[in-house]
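One letter stands for each residue in the lines below.
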Amino acid sequence: MRNAILRKKEAINYALLLPVFLLILVGFIAQYGAFHADPAVKSVAPLLKKQFLWTILGIGAMFFTMFIPIKYLWKLTPFFYCSSLILMGLLVKFHDPIMAEVTGTKRWIRLGPISFQPSEFMKLGYILMLAYIVTRRRQRSSYPSTLKEDFHLLGELFLVSIPILGLMFYQKDFGTSLVFISILLGIVLVSGCSWKILTVGYSILGALGISGILLVLTERGQKILSYLHFKPYQFNRIHAWLNPFEYADSISFQQARGLTAIGSGEMLGKGLNDLQVYVPVRESDMIFTVIGEAYGFVGTCALILLFFYLIYQMLICTLNAKREFYAYITTGVIMYFLFHILENIGSNIGLLPLTGIPLPFISQGGTAYLANFIGVGLVLSMYYQKEKTEING
């Protein structure tokens, strides 16, 4: 009995859990600093209590996901995908009008007193569905696969992607659309498709990306994009990104204040209780500025290294995966976390435009925070189920 308990404990990937719990701790510290510095917040305790409750719920969801056997995860994947898609579809009728007016996007659904973002759960359902399709196709195809088989695989992947991207277009949430695209590109890259297809495909995407940037940066290009339903606030984000201090009193107020806050932290920071630069929505999308101002260059570098260690542990899990299904799942989770980390930090330090992407485990709790835990749970599940199978068999 004792040996069985010890073996179950060994089946838990503590090397992956370590950076997760350290990031949770950093998140609480950053949340305290953000709320404490906000003149509109009268009491920090209720807000931290809410964050604590989200954390307990997230940890529970993480371990619940870890214990799901692979055979059930495989069978339930189409259900997860379809149910997440239905939730996103409800936004057409039940999106939160207040949040839509404030943010310019229709990504929050309101059912009575409850408000959440279905796209956060859709990211996980999408990862599972892509992994399901690639695994099933590869089990049926020859080795090495033919170009015809590769095109059939890509066709299926695009087929399940189209309704998601269509709904994202309706939500006017370009930033989250990029998360789905990065997940797709990552899984396609490791799917075993011919290098000829990948070279042509990624070259076309690169050309489209460069063309898009050129369109955004020119007046004529912006007129063309306007015909494609791009909105003025999206162009404003580009202008704010390129010239944050030129428009510091209007469209780039948040970005300019964020850069000022990070710069004021200098090398070692000013301390958590001495945050003097006001940054709007600091507890969410701009949480990295709290670390920058409070702990300076050293603190931000330490946080980035901690994120690198988290991704490194996920990569180790992927390379050691004994089942294709899990390998593709962990690849999708890595792309999901990587995009969130790079986009959030990049936008906070001025390298990328602001897109409203939260920083994993650091930004204020909510559906995105909960999705972070479930994503880690999927990676932990691979390690736990592998060890469990070896013990039992």
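This structure is a prediction, so every number in the text was calculated from the model and none was measured. Position numbers for residues count from 1 along each chain, tracking the sequence in the order it is written. In view of the model being predicted, local features appear only for residues whose pLDDT reaches at least 70, and side-chain atom pairs are presented and counted only at 80 or more, with totals across whole chains, interfaces and linings using the full set of residues. In computing side-chain values, all of the structure's heavy atoms are included and hydrogens and water are not.

### Some points on the packing of helix H7 (residues 118-140) against helix H15 (residues 324-348)
Between two packed helices, what matters for the description is the angle formed by their axes and the separation of those axes.
In step 1: With their axes 8 Å apart at the nearest point, H7 and H15 run at an angle of 145 degrees to one another. In the packing of H7 onto H15, the handedness of the crossing is right-handed. Across from Glu120, Lys123, Ile127, Leu128, Ala131, Tyr132, Val134, Thr135 and Arg138 in H7, the residues of H15 making contact are Glu324, Phe325, Tyr328, Ile329, Gly332, Val333, Tyr336 and His340.
In step 2: Looking at side-chain class alone, the contact of H7 with H15 contains ten nonpolar, three polar and four charged residues. Note on geometry: axes are C-alpha line fits, over the in-contact stretch for helices, and angles between N-to-C directions span 0 to 180 degrees. In this text, helices come from DSSP runs of H or I with a minimum length of four residues, and strands from runs of E with a minimum of two, each type numbered from the N-terminal end. Should the near helix be turned anticlockwise from the far one by less than a right angle, the crossing is termed left-handed; should it be turned clockwise, right-handed. Whether two residues are in contact is decided by their heavy atoms: any pair within 4.5 Å suffices. The classification used treats Ala, Val, Leu, Ile, Met, Phe, Trp, Tyr, Cys and Pro as nonpolar, Asp, Glu, Lys and Arg as charged, and all other residues, Gly among them, as polar.

### Comments concerning the side chain of Thr300
In step 1: Following the sequence through the fold, Thr300 ends up in helix H14 (residues 288-319).
In step 2: Apart from residues no more than four positions distant in its own chain, Thr300 is found in contact with Phe288, Ile291 and Gly292.

### Thoughts on the environment of Leu16
In step 1: Mapping Leu16 onto the fold places it in helix H2 (residues 14-37).
In step 2: Buried, partly exposed and exposed residues are distinguished by accessible area as a fraction of the type maximum, computed with a 1.4 Å probe on protein chains only: under 20%, between the cut-offs, and over 50%, respectively. Among the residues examined, Leu16 registers a relative accessible area of 0% and is labelled buried.
In step 3: Sequence separation of Leu16 and Tyr312 is 296 residues, and the distance between their C-alpha atoms is 8.9 Å.
In step 4: With residues near it in sequence (within four places) discarded, Leu16 still touches Leu310, Gln313, Met314, Val376, Val379 and Leu380.

### Let's talk about the nonpolar core
General note: in soluble globular proteins, nonpolar side chains tend to be found buried as a group.
In step 1: We call a set of buried residues a nonpolar core when its members are Ala, Val, Leu, Ile, Met, Phe, Trp, Tyr or Cys and they connect through side-chain atoms within 4.5 Å of each other. Counting residues in hydrophobic clusters, the biggest one holds 87 residues, and the most contacted among them are Leu157, Phe307, Met314, Ile329, Phe337, Phe361 and Val376.
In step 2: Sequence-distant contacts of Val376, that is, excluding residues within four places in its chain, are made with Leu16, Val20, Met62, Met314, Phe337 and Phe361.
In step 3: Counting residues in hydrophobic clusters, the runner-up holds five residues, among them Ala261, Val277, Val279 and Met286.

### Some points on the environment of Met99
In step 1: For Met99, the location among the structural elements is in helix H6 (residues 97-103).
In step 2: The sequence separation of Met99 and Ile109 amounts to ten residues, and the corresponding C-alpha distance is 9.3 Å.

### Re a nonpolar patch on the surface
In step 1: Taken together, the side chains of Leu18, Leu22, Tyr309 and Tyr312 present a nonpolar region at the surface, about 370 Å² in accessible area.
In step 2: When contributions to the nonpolar patch are tallied by element, the ones reaching two or more residues are H2 and H14.
In step 3: Along the chain, Tyr312 turns up in helix H14. Put simply, a patch holds well-exposed residues, over 30% relative accessible area, that have no salt bridge, with like charges counted together within 9 Å and Val, Leu, Ile, Met, Phe, Trp or Tyr side chains within 5 Å. The protein chains shown are the only cover counted for residues, whose accessible areas, like all others here, come from Shrake-Rupley with a 1.4 Å probe. Only one rule defines a salt bridge in this text: a Lys or Arg side-chain nitrogen within 4 Å of an Asp or Glu carboxyl oxygen.

### With respect to the pattern of salt bridges
Should their charged atoms come close, side chains of opposite charge can pair.
In step 1: In this structure the tally under the stated criterion is six salt bridges.
In step 2: A salt bridge links Lys270 to Glu293, with the nearest nitrogen and oxygen atoms 2.7 Å apart. In this pair, Lys270 is assigned in the loop between helix H13 (253-264) and H14 and Glu293 in helix H14, connecting sequence segments 23 residues apart.
In step 3: Two residues, Glu293 and Arg282, come together in a salt bridge whose shortest N-O distance is 2.5 Å. Here Arg282 lies in the loop between H13 and H14 and Glu293 lies in helix H14, a separation of eleven residues in the sequence. Just as Glu293 is buried, Arg282 falls in that class too.
In step 4: Via salt bridges that share partners, Arg136, Arg137 and Glu156 belong to a single interconnected network.

### Things to note about H7
In step 1: Each helix should span, by expectation, one fewer than its residue count multiplied by 1.5 Å. If you check H7, its first and last C-alpha atoms are 33 Å apart, about what 23 residues at 1.5 Å a residue would give, namely 33 Å.
In step 2: Across the 23 residues that make up H7, a large majority, 18, are buried.

### Some thoughts on the confidence of the model for the chain
In step 1: Confidence scores here are pLDDT values: one per residue, from the predictor, ranging 0 to 100. For the chain, the mean per-residue pLDDT works out to 85, and 91% of the residues sit at or above 70.
In step 2: Every residue in residues 3-7 is under pLDDT 50, and counting partners more than four places away or in other chains gives one contact.
In step 3: In the predicted structure, residues 389-393 sits below a pLDDT of 50 and forms three contacts with residues beyond four places in sequence or in another chain.

### Points about the side chain of Asp150
In step 1: The topology assignment puts Asp150 in helix H8 (residues 147-171).
In step 2: The exposure class of Asp150 is buried, given its relative accessible area of 0%.
In step 3: We define a polar contact as two N or O atoms separated by no more than 3.5 Å, with the added condition that, inside protein, one atom must be a possible hydrogen donor and the other a possible acceptor, whereas residues neighbouring each other in sequence contribute only through side-chain atom pairs. Engagement of the side chain of Asp150 in a polar contact is seen with the backbone nitrogen of Ser194, the distance being 2.9 Å.

### A word on the packing of helix H4 (residues 70-89) against H7
In step 1: Close contact between H4 and H7 brings their axes to 8 Å; oriented N to C, the two are set at 140 degrees. With respect to H7, the axis of H4 lies oblique. Here the hand of the crossing between H4 and H7 comes out left-handed. Contact residues: Leu73, Trp74, Thr77, Pro78, Phe80, Tyr81, Ser84, Leu85, Leu87 and Met88 in H4; Pro118, Ser119, Phe121, Met122, Gly125, Leu128, Met129, Tyr132, Thr135 and Arg136 in H7.
In step 2: Grouping the constituent residues of the contact of H4 with H7 by class yields 14 nonpolar, five polar and one charged. Angle categories: roughly parallel below 35 degrees, roughly antiparallel above 145, roughly perpendicular from 65 to 115, and oblique for all the rest.

### Details of H4
In step 1: Helix length check: H4 (20 residues) gives 28 Å between terminal C-alpha atoms against 28 Å at 1.5 Å per residue, within 8%.
In step 2: One axis fitted to the seven residues ending at a residue, another fitted to the seven starting there: the angle between these axes is the bend at that residue. Most pronounced at Leu76, the bend in H4 amounts to some 45 degrees, and the proline Pro78 follows within four residues.
In step 3: When H4 is considered as a whole, its buried residues turn out to be Ile70, Leu73, Thr77, Tyr81, Ser84, Leu85 and Met88.

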